[in-house]
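# Inside the fold
Residues per chain are reported as follows:
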Amino acid sequence: MSIYDCANSDDYFNRIRTNNFLFVNRNGFQSNFSYTFSTIEHEVDSKMTYQQRVELLNQSQIQPLQKQLQSVENKIELVRAYSLKELIVEGKIKIADECKNKEVSKPDNNKQIEFIDILLCNGYINENYWDYISIFHEGSLTIKDKQFLINVKRRINTEFDHELPCAENLIRKIKLYEFNKPYILNDNLVDYILSDDYLLIDQTEERKHHLFTQLSMMRGRALQFVIHYLNRNQNIDNFLFNLCSRKHNIWKVLRKQINDTNRLQLYFQQIIKYVPVEDVVNQFYMDEKNYIENYAGYWLIECSKEKLKEIVQNLNIQFALLSKETSLEDLDYIYRSNAYQINIDVMYTILSKRENWNDLAFNTRNYSYIIENYPEMAKYIQENLSAYIDNVFLKLENNTSIDSAHFLELLNTDKLSEEQKKQIIRHLVSAHPFENIADVVCPSLWGEICENKLMAPNWDNIKTIMRSKEINYAKVYTDFFNNLENAEKLSTQKLEEDVIQDEGEVEIAYTLIYNDNICDESYRLLLNAFTDKYVLQPHNLPRNRMQWLIEKDLIEINTDSYKYLKDNHTPLHLDFLEKHLAEFSKLNYHNIQFDAEDIMWILNSTIIIDEKQKIINTIVDTSILTDGNILEKLSTFILNSTNDDYVPNGNLIDHLAIQHELPIDVRKTIFMKYPQYVTDIKVFLTNLGEPYSSLALKDRDTDIPRTDTAFLRVLKANSYIGRFTKRPKRELWMIKKEEKLFQ
């Protein structure tokens, strides 16, 4: 590298500051400097280091001096543009001093000086004096050249395309400062300055510098000329080279000023093509590089591919648009350099020309397709995952499928927001449901997964959802269960309750049993999955659901359940009793309180006789037995019993024997079958009425019809009466009463 490179490159200069270096002269001889940077630094300034001097320059105390220097430079530039009249009027020069310098010493010297001063101060004569006191003859200049020169001296604008046949000679007659003025602007003049011949008359290129410094300001007449000159499409390469090298906002101004898209694209192409890479980078730095990124035909510009790549690298271009005509070679460079923005159009253009291309997979399972087939792009989208989700994944309307592992990967990454993950869930309507919802580490996503039917219907998933303390699962699982397809699948799986680990967990079955928001059809299906029996809890559960619980044998068999059903869902308690008769028999019926309606239902039911007898024997409070129908049913049941081992409830027999609602014959039959349970024979006989009531009277004879012979034999067998004889000529028995009858 040259000394110039070292001085003008921060990178090279920093290398010199930190390393020894080798000097090579123009003859190719090498010399190893023994000096370190600190040694040279000390020789330059023994009091301050290089870094201290840099810091001093950056301090605010330097700024006032810089402003003063700029002010002086501005004044010098202003004075250069003064006319002769202005210089005299403002006292910049004095005629008397000038005359002395010219050694004007004749007697009339003072008067001549005064006269000249008047003429110059009033502008009667000026620096263009020789132009209007002589007749112009074409020679080194043409009339057109002369007219332009006069306009320059008069500071009058001339048409840009005014012809200047002798621009080479004309340029010599124009003062240097004039090249920084808007009236100097002319096509032929600029053409000449851009030509190789110009260097023959101005090796320092000061005129060019002033001219393009003016043009680079890109405002007023200078801007008009730039646009005009570009439209001529001549010398564009040199023109843009000189223009863009002086200021970095040329493109920015053009973009704002040009409304014609085609013209702007042409200027863009010309800048890329003709302007050196360094200056292109300066023109499109920061926000302006967006134009390159959105220019689809960038790689179609007639320019060196290496230059195009260098621009892309230096500006870190990421294309948002790419022409379909872009070559595979260029697309491959873009792909491997990650020189593209993550959007559908660009990714489609890049991949559609590569191997393993599958249009359907790209549109329907985009993420998995890229991960599986294009590792470079897969890595790139992982680094920019949020942009990929927003700009590609969610915008592909049919992108509704994904590999299960990839789906889980997206939901568990920390590169996406929770809202983005929820959008992914809503978008992937064709994804395979999660067999284990707990694999998704963020519980706040579980609700969204359930609502979008992406949780497999199994009880392990239900347990996970219900026992989460981070989400309100009520609505989540209600909607999930109300999906009949889910309910049907769950109904085929047995729900095995886990041991509840802590008081805060929810027992699933109870939660479902008492959920009013689950539809009846789903509710009935879900009951098929339950395996345990459950204690009934206070709840206004509909009768049909309670009946299903009984049918599915899901209620704990005990007297509390019976009482709850009796108090809240009569007569389902009797269905419950009948279904579990054997279990209740073991529990002892005496612990259950039966009322008259219960007894009536039991008597009319299909319950086996033995169990009916056991239940009837539990009746303690006979006061509930007052209705004629139930008395008749009870007496019929007791009298029809064929079980020799049956031992009836004595209180019940005693109660039935004295009930007026029962026919006399029925009561007599009850007595005849179970006389030992009638505790008060006198009351019994009295309630039978005549002629039987007279048997209860000690001092009164009693005749009983011979049809009651069997009845009398039972009374006699129990020593209530003695011998009974036939009354002559009558179908009556004469009764001899025993003392026992009146005890």
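A quick note: this is a predicted structure, and the numbers were derived from the prediction, not measured.

## Examining the overall build of the protein chain
Scanning the protein chain from N- to C-terminus turns up 46 helices and 5 strands. Here the protein chain holds 743 residues, and 43% of them are scored as buried. Contacts spanning at least 24 positions in sequence make up 60% of the contacts within the protein chain whose residues lie at least 6 apart. A total of about 41,200 Å² of accessible surface is found on the protein chain, and carbon and sulfur atoms cover 47% of it.

## Observations concerning the environment of S522
Relative to the helices and strands, S522 is located in helix α35 (residues 520-526). On the basis of relative accessibility, which here comes to 0%, the residue S522 falls in the buried class. Taking the C-alpha atoms as reference, S522 lies 5.9 Å from L484; in sequence the two are 38 residues apart.

## Details of the nonpolar core
Generally speaking, soluble globular proteins have nonpolar side chains that are buried together. Of all hydrophobic cores here, the largest spans 177 residues; its most connected members are F239, Y298, Y388, W459, F481 and F530. Among the elements that line this core, the one with the most residues is helix α15 (residues 220-232), at 7 residues. Sequence-distant contacts of F481, that is, excluding residues within four places in its chain, are made with W459, I462, M466, A487, L490, L512, I518, S522 and L526. Membership of the second largest hydrophobic core comes to 20 residues, among which are I681, F711, V714 and W733.

## Examining the side chain of H162
If you trace the backbone, H162 turns up in the loop between α10 (143-153) and α11 (167-172). Of the polar contacts made by the side chain of H162, one reaches the backbone oxygen of K144; its length is 3.0 Å. The residues contacting H162, other than those within four sequence positions of it, are K144, F148, N186 and N188.

## A closer look at the side chain of R545
Residue placement: R545 occurs in helix α36 (residues 543-551). A residue is classified by how much of its surface remains accessible, and R545, at 4% relative accessible area, is buried. Of note is the side chain of R545, whose polar atom sits 3.0 Å from the backbone oxygen of N515. Contacts of R545, omitting those with residues within four sequence positions, involve N515, D516, I518, C519, D520 and Y523.

## Concerning helix α17 (residues 250-257)
Note: α-helices contain 3.6 residues per turn, so residues at a spacing of three or four share the same orientation. Along α17, the residues that are buried comprise I250, W251, V253 and L254. End-on, the buried residues of α17 take up no more than an arc of 160 degrees, which puts them together on one face.

## Here's the deal with the environment of L120
Tracing the chain through its elements places L120 in helix α8 (residues 109-121). Expressed as a C-alpha distance, the spacing of L120 and L87, which sit 33 residues apart in the sequence, is 9.9 Å.

## Looking at the pattern of salt bridges
Under the defined criterion, the tally for this structure stands at 24 salt bridges. Between R426 and E419 there is a salt bridge; the shortest N-O distance is 3.0 Å. Ionic pairing is found between D553 and K533, a salt bridge with its closest N-O pair at 3.4 Å. With D553 in the loop between α36 and α37 (559-568) and K533 in the loop between α35 and α36, the pair connects residues that are 20 residues apart, well separated along the chain.

## What to know about α36
Turning to α36, its buried residues are R545, M546, W548, L549 and I550. Buried residues belonging to α36 abut α34 (508-513), α35, α37 and α38 (572-579). Looking one or two residues beyond α36, the residue adopting positive phi is D553, at roughly 60 degrees.

## Remarks on the packing of aromatic side chains
One pass over the structure, following the stated rule, counts 39 aromatic pairs. For the ring pair Y298 and F319, a centre distance of 5.3 Å and an interplane angle of 45 degrees mean the geometry is tilted. Remark: F319 occurs in the loop between α21 (305-315) and α22 (328-337) and Y298 occurs in the loop between α20 (289-293) and α21; sequence separation between them is 21 residues. Both residues of the pair, Y298 and F319, count as buried. Taken together through their ring pairs, the aromatic side chains of W459, F480, F481, Y510, F530 and Y534 make up a single cluster. The lysine or arginine in question, R545, covers the ring of Y523, its NZ or CZ lying 4.1 Å from the ring centre. Here K668 stacks its cationic end above the ring of F711, 5.8 Å away from the centre of that ring.

## Overview of the confidence of the model for the protein chain
Taken residue by residue, the protein chain gives an average pLDDT of 83. The fraction at 70 or more is 86%. Taken element by element, the protein chain is modelled with least confidence in strand β2 (residues 30-32), mean pLDDT 49, and with most confidence in helix α27 (residues 385-393), mean pLDDT 97. A low-confidence stretch, residues 24-31 stays under pLDDT 50, and its non-local contacts, those more than four residues away or across chains, total 7 contacts. Within the model, the stretch residues 500-506 combines pLDDT values under 50 with 8 contacts to residues more than four positions away or in other chains.

## Quick notes on the environment of N568
Mapped onto the secondary structure, N568 falls in helix α37. As for N568 and H539, which are separated by 29 residues in sequence, their C-alpha atoms are 9.4 Å apart. Reaching out from N568, the side chain makes a polar contact with the backbone oxygen of Y564 at a distance of 2.8 Å.

The rules behind these values
- Residues numbered from 1 in each chain as written.
- Predicted model: local features only at pLDDT ≥ 70, side-chain atom pairs only at ≥ 80, totals over all residues.
- Heavy atoms only, no water.
- Helix = DSSP H or I, 4+ residues; strand = E, 2+ residues; numbered from the N terminus.
- Buried < 20%, exposed > 50% of the residue type's maximum accessible area, 1.4 Å probe, protein only.
- Contact = heavy atoms within 4.5 Å.
- Areas by Shrake-Rupley, 256 points an atom, 1.4 Å probe, with all protein chains shown as cover.
- Core = buried A, V, L, I, M, F, W, Y, C linked by side-chain atoms within 4.5 Å.
- Polar contact = N/O pair within 3.5 Å; in protein donor to acceptor, adjacent residues only side chain to side chain.
- Arc of directions from axis to C-beta.
- Salt bridge = Lys/Arg side-chain N within 4 Å of Asp/Glu carboxyl O.
- Phe/Tyr/Trp six-rings, centres within 6.5 Å; stacked < 30°, edge-to-face > 60°.
- Lys NZ or Arg CZ within 6 Å of the ring centre and 35° of its normal.
- pLDDT = per-residue confidence, 0-100.

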